[in-house]
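Chain by chain, the residues run as shown.
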Amino acid sequence: MTPFVAADQPTLEDFGHDVWWIVLIKIVGVFAVLVLMTLFAIVFERKVVARMQQRIGPNRVGPRGSLQSLADGLKLAFKEDIMPALADKPVYFLAPCLAAVPAFLAFSVIPLGPIVSIFGQRTPLQLTDAPIGVLVVLACSAMGVYGIVLGGWASGSTYPLLGSLRSAAQMVSYEIAMGLSIVAVFLYAGSMSTSEIVAAQADGNRVSFFGLEFTGPSWFAILLPVSFVIYVIAVVGETNRAPFDLPEAESELVGGFHTEYSSLKFALFFLAEYINMVTVSALAATLFLGGWRAPWPISIWDGANSGWWPLLWFFLKVVAALFVFIWLRGTLPRLRYDQFMRFGWKVLVPTALVWILAVATMRTVAREADLSTGEVALFVGVPVALLVLAGLLVASRATNRATRVAATRAAAGSIHPTEAEPEVLPPVGPRRRPARAGGPSRAEGGFPVPPMDLRVPPSPRLGRREPVAPDGAVVSTGRRSGAVVEEDVDV
Amino acid sequence: MNDVAIGTGEAVVFWILGPIALAGALGMVLSRNAVHSALWLVNTMLALGVFYVVQEAPFLGAVQIIVYTGAIMILFLFVLMLVGRDSSDSVVETLRGQRVAAIVLGIGFAGLVGAGIARATQDLPVTGLAAVQGGDTSNIQAIARLLFTRYLLAFEVTSALLITAAVGAMVLAHIERDPGTRRTQRELSRARFLTDRPQTLPGPGVYARGNSVAAPALLPDGRLAEDSFATGIEPQEVEQMPRPTGRAQLGTPDDALGTLDPAPERGQR
């Protein structure tokens, strides 16, 4: 590490002393970067997915279709803004803002580069940092859930409500896996501040391997492979992207939580989703891929990690991460809901816990036996990681055995690749169900429901009888008052 | 007495966020919709989180936001499950004088607690955060040291308590079912793929004069698509323009290219 590089590396003391106009420039810069990245990501996604599906993709607006998302944004802004009759108006209005604002906030702690000179002021290329830097991102993503859940709830419609419930469950579960995957990074970096985590990945340890001296890898993606894999999977769930896009599964829920939204409100949800993608990609680059530091062959050049060059390395890493998101979307079908939940709770969370245990043990051993971090990572961490990954592979092969056997038989020409006498039962019930009094009984898994015609007795002080539920409202209460919808039975 | 110097920024934050936090608390008590109550509570919790950060406890602030966001989300789900999507409190007083009594008692309790805290902390000397957590260690390291040395037992016992509560809730909410009485999503999915139609059913038709779910979709030959009938609604015929049928009226598809006319005469272009 040359002293030149060390001088450029911001520490926590470098933050909080900026002139007000530098802060303003940084805020506007972060905003502009996020909006531009969103515009870029939409076109990029459509082009890449099109190429994966052997299409051309958008090619009308601008050179090679590159301004397509700008046109889309303008179109969205000029659409009619619809407020559903049954919507809860304040919450319906608030929800898109709640989704978009934390998405912007989270990017404020992402380090984009080293200390640079802006109009003569030396300042780190990062809006702010705190000892709890990464927790700010977690808090913002936790707040972002509210936008989606409340948007679905406030729409006053069935499918959005289902979408919002799914997203609540999904984000709560996958946030746990995401938080646990980051813990190992904290242990290694010894800090939760993003700039110090980048600094911790600056230099690999000298590793002597059978007398061969070389600099070991410094990225946490290589030192902590299991954490990296868990993080990548968890953030796909966290950002509602395919194959985990169950809250907006269009074949089941129309549009999911944003079915009733239109115009700029919908645009805000759209913006929030893509900004979240950019933010988690940037966080992945920061935590696991060395942040703004140049990757290995480039880092031999002395000037690679100073001045404005790191901005380029950083955005290349972010775009690479975005490409993985798009690749997943173009490749994988959507998971079934039970598979998705089981995967989150029974695979990701336990694996993350075991991995944290292993990492903590490695740290202790390294300190007691006086080994360097790189050696321990190489001699203990890599075998443990291979063991964990191999275990997961074996487990997944074991659970998918039936499918594999069926696929082999199908490939061999069998017409009924599943068992001749299927264990499954007749198709799912008559399509037009007869109307039934009451809900499902308890034996079918329904909740015990109190009598639905329960009414609060009028206060004795009120002289006249005042109806509690006004008649004539469209659907003011959740229950259907009076008329039962007649369903004809054609069974 | 205390001689604490409160910075300008801190004072500004306090006088802006203090009323907001209070408004959140009042709104939580006063709003009639349970979900709005939960939202007001979020407001208060966020304001408190910022207060912690301002008072140089950034870890506490972040944890406050992360943990309470999740907690209130669960509260929100409880509201949805237990009282339904759109139900608000009845304003009818079932116990006479209950509201007045509650207000009086509430104000009295607040006064009692406030006075008690004021009296208890009246003459306490102010040492400051730096003196407590010692020198140059950051707040996070100070918390970690206390949590994992001095208060380790309390920390572990609390976590054991929480796990017990979670397991207890799961045991209480668990419904024992005979195997086979309720099909899992896996079985349902396999059953669906053994039928003739594994994919979703077609949506309703979209017409120039109607787009309700009751309007069924049309098959290519103009018949109604039975699969698109909505459950529980009588399918409605939508009046349509007379449809051109037959090759004689439709012409060849090539003739229709580039025109808006679905059935152009041959050689019209």
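This structure is a prediction, so every number in the text was calculated from the model and none was measured.

Reading guide: rules and limits
- Residues numbered from 1 in each chain as written.
- Chains lettered and ligands numbered in written order.
- Predicted model: local features only at pLDDT ≥ 70, side-chain atom pairs only at ≥ 80, totals over all residues.
- Helix = DSSP H or I, 4+ residues; strand = E, 2+ residues; numbered from the N terminus.
- Buried ≥ 20, exposed ≤ 12 C-beta atoms within 10 Å, placed from the backbone.
- Contact = placed C-beta atoms within 7 Å.
- Domains from an automatic or database assignment.
- Core = buried A, V, L, I, M, F, W, Y, C linked by C-beta atoms within 7 Å.
- Axes fitted to C-alpha atoms, helices over the stretch in contact; angles between N-to-C directions.
- Parallel < 35°, antiparallel > 145°, perpendicular 65-115°, else oblique.
- Left-handed = near helix turned anticlockwise from the far one by under 90°.
- Expected span 1.5 Å × (residues − 1).
- pLDDT = per-residue confidence, 0-100.
- Pairing = 2+ DSSP bridges.
- Nonpolar A, V, L, I, M, F, W, Y, C, P; charged D, E, K, R; others polar.
- Bend = angle between axes of the 7 residues up to and from the residue.

**Some points on the overall build of chain B**
(1) Moving on: Secondary structure assignment for chain B yields 10 helices and zero strands.
(2) Moving on: In sequence order, the secondary structure elements of chain B are arranged as α-α-α-α-α-α-α-α-α-α.
(3) Moving on: Counting every position in chain B, which comprises 269 residues, the buried fraction comes to 10%.
(4) Moving on: Once local pairs closer than 6 in sequence are excluded, the contacts in chain B between residues at least 24 apart make up 35%.

**Focus on the overall build of chain A**
(1) Moving on: Looking only at helices and strands, chain A features 16 helices and four strands.
(2) Moving on: The buried share of chain A, reckoned over its 491 residues, is 36%.
(3) Moving on: Counting contacts in chain A only where the partners sit at least 6 residues apart, residues at least 24 apart contribute 75% of the total.

**A short note on the domain arrangement of chain B**
(1) Moving on: For chain B, the assigned domains are domain 1 (1-86), domain 2 (130-173) and domain 3 (204-235).
(2) Moving on: Relative placement of domain 1 of chain B and domain 3 of chain B: their C-alpha centres are 49 Å apart.

**Comments concerning the nonpolar core**
(1) Moving on: In terms of nonpolar packing, the biggest core is built from 120 residues, with V136, A139, Y231 and A284 of chain A touching the most fellow members.
(2) Moving on: Sort the elements by how many residues they give to this core and helix α11 (residues 263-288) of chain A lands first, with 17 residues.
(3) Moving on: Leave out the neighbours within four places in its chain, and V136 of chain A touches A106, V109 and A130 of chain A together with A62 of chain B.

**What to know about the packing of helix α2 (residues 20-52) of chain A against helix α3 (residues 68-77) of chain A**
Residue and element names in this part refer to chain A.
(1) Moving on: At their nearest, the axes of α2 and α3 sit 8 Å apart, and the two run at 115° to each other. Taken as axis vectors, α2 and α3 run roughly perpendicular relative to one another. α3 is crossed by α2, and the crossing has right-handed handedness. Packed against α2, whose contacting residues are L39, I42, V43 and R46, the element α3 presents Q68, S69, L70 and D72 at the interface.

**Concerning helix α5 (residues 133-154) of chain A**
All names here are of chain A.
(1) Moving on: Between its terminal C-alpha atoms α5 stretches 32 Å, which fits the 32 Å expected from 22 residues at 1.5 Å a residue.
(2) Moving on: Among the 22 residues in α5, 22 count as buried, and that is most of the element.
(3) Moving on: Of the residues trailing α5, G156 is marked for its positive phi of about 65°.

**Side note on the confidence of the model for chain A**
Residue and element names in this part refer to chain A.
(1) Moving on: In this model, chain A carries a mean pLDDT of 77, and residues with pLDDT of at least 70 account for 77%.
(2) Moving on: Contacts from residues 429-446, a stretch scored under 50 in pLDDT, to residues over four places away or in other chains number 17 contacts.
(3) Moving on: Long-range and interchain partners of residues 465-491, a stretch whose pLDDT sits below 50, account for 28 contacts in this model, where long-range means more than four residues apart.

**Here we look at the confidence of the model for chain B**
All names here are of chain B.
(1) Moving on: Residues of chain B with pLDDT of at least 70 account for 83%, and the chain-wide mean is 80.
(2) Moving on: Mean pLDDT in chain B bottoms out at helix α9 (residues 246-250), which sits at 64, and peaks at helix α4 (residues 98-120), which reaches 91.
(3) Moving on: The complex model carries a pTM of 0.76, and its ipTM stands at 0.72.

**Looking at unusual backbone geometry**
Residues and elements named next belong to chain A.
(1) Moving on: We note that Q54 has phi near 60°; this positive angle belongs to a residue other than glycine.
(2) Moving on: You can see Q54 is positioned in the loop between α2 and α3.
(3) Moving on: Positive phi, normally seen in glycine, also occurs at N240, with a value near 60°.

**Describing the pairing of strand β1 (residues 113-118) of chain A**
All names here are of chain A.
(1) Moving on: Sheet analysis places β1 next to strand β2 (residues 121-125), joined by five bridges and oriented antiparallel. The residue of β2 that forms the bridge with G113 is L125.
(2) Moving on: In this antiparallel pair of consecutive strands, β1 and β2, the connection spans two residues, and F119 shows a positive phi of 50°.

**A short note on the packing of α2 of chain A against helix α13 (residues 309-331) of chain A**
Residues and elements named next belong to chain A.
(1) Moving on: At a minimum axis separation of 10 Å, α2 and α13 run at an interaxial angle of 45°. For the element pair α2 / α13, the angle class is oblique. Here α2 runs over α13; the crossing is right-handed. Between α2 and α13, the residues in contact are A41, F44, E45, V48, V49 and M52 and L322, F323, I326, R329 and G330, respectively.
(2) Moving on: Across the contact of α2 with α13, the residue classes tally to eight nonpolar, one polar and two charged.

**Quick look at helix α14 (residues 337-369) of chain A**
Think of an α-helix as 3.6 residues a turn; residues three or four steps apart then line up on the same face.
Residue and element names in this part refer to chain A.
(1) Moving on: Over its 33 residues, α14 extends 47 Å from the first C-alpha to the last, a length consistent with the 48 Å expected when each residue adds 1.5 Å.
(2) Moving on: The largest bend in α14 amounts to roughly 30° and is located at F343.
(3) Moving on: Those residues of α14 that sit buried are F340, G344, L348, T351, A352, W355, V359 and M362.

**Concerning the environment of R397 of chain A**
Residues and elements named next belong to chain A.
(1) Moving on: With respect to the helices and strands, R397 occurs in helix α15 (residues 373-399).
(2) Moving on: By C-beta crowding, R397 is classed as exposed, having 10 other C-beta atoms within 10 Å.
(3) Moving on: C-alpha of R397 to C-alpha of L94: the two residues are 303 residues apart in sequence and 46 Å apart in space.

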